[in-house]
Amino acid sequence: MMEQRRGHRFDLGDRSWQGQANCLGVDPDLFFPERGASTREAKGVCRGCVVREDCLEYALINGEKFGIWGGLSERERRRIRRQRTVALRPDGVATA
Ligand code: SF4
């Protein structure tokens, strides 16, 4: 069960950074827009967030598949995960 009282959705792991989250008290739905809906407003909240990098790492490490985390959408985070996977491969070749 996700906690939505303090931030928009925080559940597992180290949460020490979350007390400084810019999204504290912001409507959680903003960070989970319907498919095709604008993410601009959520990303605007993230833009001024001092824990943006922590948030993004948290989402990447925990494999968060939905919503805006660290100012990035699911698709944008997937791209980063792919790039990291490629960087870890000895031949540096991406696989599907
Ligand atoms: S980066 Fe965005 S989603 Fe993450 S804590 Fe900051 S405001 Fe919230």
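Not measured: the values here are computed from a predicted model. (Residues numbered from 1 in each chain as written. Predicted model: local features only at pLDDT ≥ 70, side-chain atom pairs only at ≥ 80, totals over all residues. Heavy atoms only, no water.)

Draft legend 1. Examining the overall build of the protein more closely. Assigned secondary structure in the protein consists of three helices and zero strands. The order of helices and strands in the protein, counted from the N terminus, is α-α-α. When each of the 96 residues of the protein is scored for burial, the buried share is 31%. Partitioning the intrachain contacts of the protein with sequence separation of at least 6 by distance along the chain shows that 37% fall at a separation of at least 24. (Helix = DSSP H or I, 4+ residues; strand = E, 2+ residues; numbered from the N terminus. Buried < 20%, exposed > 50% of the residue type's maximum accessible area, 1.4 Å probe, protein only. Contact = heavy atoms within 4.5 Å.)

Draft legend 2. Just the nonpolar core, in detail. Residues Trp17, Cys23, Phe31, Val51, Ile68 and Trp69 are the most contacted members of the largest nonpolar core, which totals 14 residues. If you list the elements that add at least two residues to this core, you get helix H1 (40–47) and helix H2 (52–61). (Core = buried A, V, L, I, M, F, W, Y, C linked by side-chain atoms within 4.5 Å.)

Draft legend 3. Region of interest: the packing of H2 against helix H3 (residues 74–88). Contact geometry of H2 with H3 gives a least axis separation of 11 Å together with a crossing angle of 70°. Classed by the angle they form, the pair H2 and H3 counts as roughly perpendicular. Across from Leu56, Glu57, Ala59 and Leu60 in H2, the residues of H3 making contact are Arg77, Ile80, Arg81 and Arg84. (Axes fitted to C-alpha atoms, helices over the stretch in contact; angles between N-to-C directions. Parallel < 35°, antiparallel > 145°, perpendicular 65-115°, else oblique.)

Draft legend 4. The environment of Gln18, seen in detail. Relative to the helices and strands, Gln18 is located in the segment before H1. When the C-alpha atoms of Gln18 and Asp54 are compared, they prove to be 8.7 Å apart, with 36 residues separating the residues in sequence.

Draft legend 5. Representation of H1 in the model. Buried within H1 are the following residues: Ala42, Lys43, Val45 and Cys46. Buried residues in H1, looked at end-on, bunch into an arc of 155°, giving them a common side. Turned more than 90 degrees from where H1 packs its buried face, Arg40, Glu41 and Arg47 sit exposed. (Arc of directions from axis to C-beta.)

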